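# Notes for the structure review
Chain by chain, the residues run as shown.
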Amino acid sequence: MIHTGGVNEEDLAAPLVPPATAAALYRKLPTATADIIDAVSIELPIFADALHGKLAGVAESAISTMLSGFLGTACGAGADRPHVDLAAVQRAAFDLGRYEAHIGRSIEALNAAFRVGARIAWRHWSTIAQAHDMNTADIVRFAELHFDYLDDLADACVSGHADELATAGQRRQRRRERLAEQLLLGAVIEEITETARLARWQPPDAMLAIVLPRADSHRVTPLLDDRTLRSNGDLRPGPQAASLTTLLTPVTTAAPRAALLGRLAGVHAAVGPEQPWLDVRYSAALATRAWQCCTSDSWPIDAEKLLGALVIHADPPTRERQRAAALAAFDHLRADTRARYEETLRAWLLHQGRREAVARDLHLHTQTVRYRMDRIREILGDELNDPERVLDLVIALA
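Residues numbered from 1 in each chain as written. Predicted model: local features only at pLDDT ≥ 70, side-chain atom pairs only at ≥ 80, totals over all residues. Heavy atoms only, no water.

Identification of the protein chain as Fis family transcriptional regulator from Mycolicibacterium aubagnense is taken from an unreviewed UniProt entry.

Structure, rendered in structure tokens:
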């Protein structure tokens, strides 16, 4: 039941909001509704089709009704105001939660939409309240009533979502998780397409994989296409696997890869390349490898920009064997001396022997670079004149 956040019956007998302010709030209702629709569409693209497509009128009516229910609670009855049955509003919120589960959207996405709507609505209500000189104490009570009301509606949505997941929605969600696992494990095409059909999941032309901490996935999902798949299985090798999850999200004309990377700005994740949807396993493999072997000052990690590093780290045992063989001439050195010489040789090879560039890179005096390279040449002999040995050294030191 919708409660009143500490406002008792005597308070409601005399409405919290004065008549003139109430009239202004009701006049603002269409604008607030439109602004909420625009803000949710922009901040949570997963809802864009629902808010602007064939169901746009239904969505607008539902948002307006929810806001009207709050205004009725705060402003009291009025001959010129539509009556809103609060129990019916709560039932509608329950049904909305069931519908979102039915079409496969997560409750995290719906809760995010409620938070955006609450913020935009309060921006309008508080502006009007201040313009009509409501005192501070009444504005505080007004705010409590507003957020308590929306919290109750959000709770009703959660209940509806859970109820639907307990039946048909849960089966469909499990099928989507199974579909993600089949794609990641490389099941036969016939099995994949049958699971997609049973899950009522429409395949896109292309997809990419996002690897990220499992605990962060609920924040990222609302930013992505509502066909995004998530595997709850532990399908990745390595000690970090249990803490990670893989999202498989469509790449479309409306949401190209560059746009997806922009939405994920600041998110600690690794993003694989775009692939035909049946080949998204390859994208997941590169994203996983990028997470495991690459570091970045800016997030997310873009696997497309790290292909050289991914090639080098594709086969760790063979890489270690190649590195040990290529740098065997340094085995007799102390560990600290060896580290300095390897660092200097790497910079020298990458800067093609330009001593001043090496010195700048390593923050050394050019004479120090010269001394170290003289010692390295003594150790390696003529190997720095052999293109094949130079290639080995570059790979080993990369």
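From this point, the discussion proceeds with the structure in view.
## Remarks on the layout of surface pockets
By volume, the largest pocket amounts to about 690 Å³. Secondary structure elements with two or more residues in the lining of the largest pocket: helix H2 (19-43), helix H3 (48-52), helix H4 (56-75), helix H5 (86-102) and helix H6 (107-131). (1 Å grid on protein atoms, 1.4 Å probe; cavity = no way out; pocket = protein on both sides within 12 Å on 5 of 7 lines; lining within 4 Å. Points joined across faces, edges and corners; volume = space filled by probe spheres on them. Helix = DSSP H or I, 4+ residues; strand = E, 2+ residues; numbered from the N terminus.)

## Here's the deal with the pattern of salt bridges
Per the stated rule, a full pass over the model turns up 20 salt bridges. Here Glu-342 and Arg-323 are joined by a salt bridge, their closest N and O atoms 3.0 Å apart. Placement of Glu-342 in helix H15 (residues 335-350) and of Arg-323 in helix H14 (residues 316-326) is noted, with a sequence separation of 19 residues between them. In this structure Glu-342 comes out as buried when scored by relative accessible area, which is 10%. For Asp-374, the salt bridge identified is with Arg-377, shortest N-O distance 3.9 Å. Linking Asp-374 with Arg-377, this pair stays in helix H17 (residues 366-380), spanning 3 residues, or about one helical turn. Given a relative accessible area of 37%, Asp-374 falls into the partly exposed group. On the basis of relative accessible area, Arg-377 is assigned to the partly exposed category, the value being 37%. Put simply, Arg-323, Asp-331, Arg-338 and Glu-342 are held in one network by salt bridges that share partners. (Salt bridge = Lys/Arg side-chain N within 4 Å of Asp/Glu carboxyl O. Buried < 20%, exposed > 50% of the residue type's maximum accessible area, 1.4 Å probe, protein only.)

## Side note on the nonpolar core
In this structure, Phe-47, Trp-125 and Phe-142 are the most contacted members of the largest nonpolar core, which totals 51 residues. Listed by contribution, the elements that provide at least two residues to this core are H2, H4, H5, H6 and helix H7 (136-165). Considering each element in turn, this core owes the most residues, 14 residues, to H6. Contacts of Phe-142, omitting those with residues within four sequence positions, involve Leu-16, Val-17, Leu-25, Phe-70, Ala-74, Trp-122, Trp-125, Ala-129 and Met-134. Formed by 21 residues, the second largest nonpolar core is a distinct cluster that contains Ala-326, Leu-345, Val-358 and Leu-362. (Core = buried A, V, L, I, M, F, W, Y, C linked by side-chain atoms within 4.5 Å. Contact = heavy atoms within 4.5 Å.)

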